[in-house]
Amino acid sequence: MKISATLAVSLIIFLGVFSQWLAWKISKPAIVIMSLAGLIVGPFLNIIVPSQVLGDSIYKSIISISVALILFEGSLSLDFKEITDTKMTIKRIVVFGALISWILGSLSAYFLAGLSITTSLVIGALLIVTGPTVIIALLRQAKLDSKVSTILKWEGILVDPMGAILAVLSFEAAEVFTSTSVSPGILVKFGIGVLIAVAIGGLVGIGTGRALQKNYFPEYLKSAIVLCLVLGTFSLSESITHETGLLAVTVMGVILANMHISSIEQVKHFNENISILLTSSVFVMLTSSLSRSILVDIFQLKIILFVLSMLFIVRPLSIWLSTIGTDLNIREKTLIGWIAPRGIVALTVTGYFSNLLVEEGHKDAELLLALTFALVIVTVIAHGFSIQPLAKKLGLAHDGKPGLVIVGSNPFSVALAKFLKDWDVPSLIVDYSGKNLENVINTDIETYQGEILYEVANYNLDLVIYKKMLLNTPIPLYNILVSNEFVSRFEHTSSICIINVLGDKVRSDFKELQKIGVPRLGDYRATYLSLIRLVEDGYDFAATQITEELTEEEYYRVMDYRRINIFTMTESGDIEFFTTENKPKISTGDYIVSLTPPSPDDSGQHLEFSTSRADFNTIQNS
């Protein structure tokens, strides 16, 4: 079945993005869904064969540019300051662990998969990559303790761009030492090319950073201009010395990451969106490019042996050897030595180098996509389904109740955190102001001082065990900004709740807030100042269990009119907020948690809760 190039491109993009959405919806690894989509339209139904529909040169160009942008996006996270602050364990895994993994992986490819020395060295380098996109999804699922979680997370971030660079160096070095027709001078030439690529990436990175700092670009063009400069850097380096473009864009990204430019977050966000679109589309393209014969090759004994060796020999040995003398115990080494899922980047970059090797006469490289695809699928499934039970068995997982992040520290936040602690529900109060956190001093409540948007973006703040978020700062637009940023990180929009700062009457005066659909606490009395005042007046949190005798309807009928219902809670600790967009479904055995007055009131007088413009000004000036 033949289709036009336009329809093919549209279908590829749709399948990639739809697979990402479906994976989020059913809480399954996106890689598995995208693989199935690509296989269905490719080798199974033969609807799309990208190299034929798009043309071989355009197909390879798309792969090359996509890999460059993906690596640039990843390198923007490599802040040397953060690396310096990490433990020696992470550094040793990233440096020595990656080196050991490369050597052992290359040996496995050579002796077990029967690949040539050059192809083995390249695939050994490419498969040191684990990738943060896959790792972070697994960590959120498994709720590991912070130490193991941090190590796995940073390994994924730092090793991500190293794989492609090491593969290029492996390819050039192997060509020199294995071919009599290739002069050693080519290695010197490549070395000079690497230096030129580093210089180009560094100069463009510094120039771009200075331009961003001095606001030479309008806000609406910053991200687009940076994207063009990345493509220009890649193309220029490639034209000077083939295969150095990836190194150049990685250096450019690292330079920008370490200049600590305030507006770089906007660029990161833009590049992240582009990266998601590219990785999704390219992954579908690569899997749809697999022929039926390659899929059959996956079940060859040599590929099965290679995959098994990567899981049970290469990964464990690389971790155990590189962490000798560190503070890791046996249980931690065992878990880290097992978890190493390969993902989209691994298969995408392999597709790029597979084409390169075949063009250079290495016919065995045709097997690389099948080999990598087999490893990706096996590791994602094996590690995805085993990480949680294994971590629990080793005592390295948080097996308690899902937690709540409270952004903003004030008396109401503290009272809520204390209540949750009594019920063994983890809570974390995050605030950028040390002064605001003074009211938590001398308590055993977990706190973190820092700007949450920056801290999470730079992987400094671990939110793996937290499934819900309550935004409780006195700045309405900031609450909305954080809410919009974290909607994609949590499972559902109902996972985030904002406390209404202004009250509906005052809120209507602010045009910026009128048309933004942000989930807020549902009770009109539950405003920022009102909740603080109630806590200061002696109100406290109370949980009322819904039973067959005290049904939900009966609870609403007999409850004290002054109570403010905040959320429901199940026996397992799952929280659902009462918001303007969501009334939780309550089952028998669930609890309704409300802010309750210290004593009953029989006056029958409803309390007045209002926030005036003067109150709002007081909040902003405090």
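J.: I'd love a proper account of the overall build of the chain, names of residues and values included.
T.: Across its full length, the chain carries 26 helices and nine strands. Evaluated residue by residue, the chain yields a buried proportion of 54% over its 622 residues. Sequence separation of 24 or more characterises 76% of the internal contacts of the chain that already satisfy a separation of 6 or more.

J.: Residue-level account of the nonpolar core, with values.
T.: Ranked by size, the top nonpolar core spans 122 residues in total, and within it Leu144, Leu246 and Phe353 carry the most contacts. If you look at the next biggest cluster of nonpolar residues, it comprises 37 residues, including Ala415, Val440, Tyr539 and Ile564.

J.: I'd like a rundown of unusual backbone geometry, residues and numbers included.
T.: Within the chain, asparagine 215 stands out as a residue other than glycine whose phi angle is a positive 55°. Locating asparagine 215 in the fold gives a position in the loop between helix H10 (185-213) and helix H11 (219-240). Although it is not a glycine, aspartate 424 sits at a positive phi angle of roughly 60°. If you trace the backbone, aspartate 424 turns up in the loop between helix H19 (411-422) and strand E2 (427-431).

J.: Now, about the packing of helix H15 (residues 301-322) against helix H16 (residues 330-338): what can you tell me, with residues and values included?
T.: Between H15 and H16, whose axes approach to 8 Å, the crossing angle comes to 135°. Taken together, the axes of H15 and H16 are oblique relative to one another. The handedness of the crossing between H15 and H16 comes out as right-handed. When H15 is examined against H16, the residues Leu311, Phe312, Arg315, Pro316, Ile319 and Trp320 are found in contact with a partner set consisting of Ile330, Lys333, Thr334, Ile336, Gly337 and Trp338. Across the contact of H15 with H16, the residue classes tally to eight nonpolar, two polar and two charged.

J.: Tell me what's going on with the sheet that holds strand E7 (residues 564-569), and back it up with residues and numbers.
T.: One open sheet accounts for four strands, arranged E6-E9-E7-E8; its pairing is antiparallel. Every other strand in the sheet has two partners, leaving strand E6 (540-545) and strand E8 (575-577) as the edge strands with one partner each. Strand-to-strand twist of the sheet, defined as the mean angle between neighbouring strand axes without regard to direction, takes the value 30°. Pairing geometry for E7 and strand E9 (residues 591-596), over five bridges, is antiparallel. Across the sheet, residue threonine 568 finds its bridge partner in E9, namely isoleucine 592.

J.: I'd like to hear about H16, residue by residue, with values.
T.: Those residues of H16 that fall on the buried side of the exposure criterion are Glu332, Lys333, Leu335, Ile336, Gly337 and Trp338. For H16, the N-terminal capping position is held by asparagine 329, with its side-chain oxygen 3.1 Å away from the main-chain nitrogen of arginine 331.

J.: Requested: an account of the pairing of strand E1 (residues 403-407), with residues and values cited.
T.: Counting buried positions along E1 yields five of five residues, so the element is predominantly enclosed. Alternating positions in E1 separate into two faces, Gly403, Val405 and Val407 on one and Leu404 and Ile406 on the other, with burial throughout. Bridge count for E1 against strand E4 (residues 466-471) is five bridges, and the pairing is parallel. Its bridge partner lying in E4, isoleucine 406 is registered against leucine 470. As paired elements, E1 and E2 share four bridges and run parallel to each other. Residue valine 405 lies in a different strand from E2, and its bridge partner there is leucine 428. As a crossover connection, the stretch from E1 through H19 into E2 is right-handed.

J.: Describe the pattern of salt bridges, naming the residues involved and giving the relevant values.
T.: Applying the stated rule across the entire model yields six salt bridges. Glutamate 552 is the salt-bridge partner of lysine 583, the closest N and O atoms lying 3.8 Å from each other. Within this pair, whereas lysine 583 is found in the loop between E8 and E9, its partner glutamate 552 is found in helix H25 (residues 552-558), the two being separated by 31 residues in sequence. For glutamate 552, a relative accessible area of 16% translates into the label buried. When the shortest N-O distance is used, the salt bridge between aspartate 560 and arginine 562 registers 2.9 Å. Judged by relative accessible area, arginine 562 falls into the buried class, the value being 7%.

Analysis parameters
Residues numbered from 1 in each chain as written. Predicted model: local features only at pLDDT ≥ 70, side-chain atom pairs only at ≥ 80, totals over all residues. Heavy atoms only, no water. Helix = DSSP H or I, 4+ residues; strand = E, 2+ residues; numbered from the N terminus. Buried < 20%, exposed > 50% of the residue type's maximum accessible area, 1.4 Å probe, protein only. Contact = heavy atoms within 4.5 Å. Core = buried A, V, L, I, M, F, W, Y, C linked by side-chain atoms within 4.5 Å. Axes fitted to C-alpha atoms, helices over the stretch in contact; angles between N-to-C directions. Parallel < 35°, antiparallel > 145°, perpendicular 65-115°, else oblique. Left-handed = near helix turned anticlockwise from the far one by under 90°. Nonpolar A, V, L, I, M, F, W, Y, C, P; charged D, E, K, R; others polar. Pairing = 2+ DSSP bridges. Polar contact = N/O pair within 3.5 Å; in protein donor to acceptor, adjacent residues only side chain to side chain. Right-handed = clockwise from strand over helix to strand, strands pointing away. Salt bridge = Lys/Arg side-chain N within 4 Å of Asp/Glu carboxyl O.

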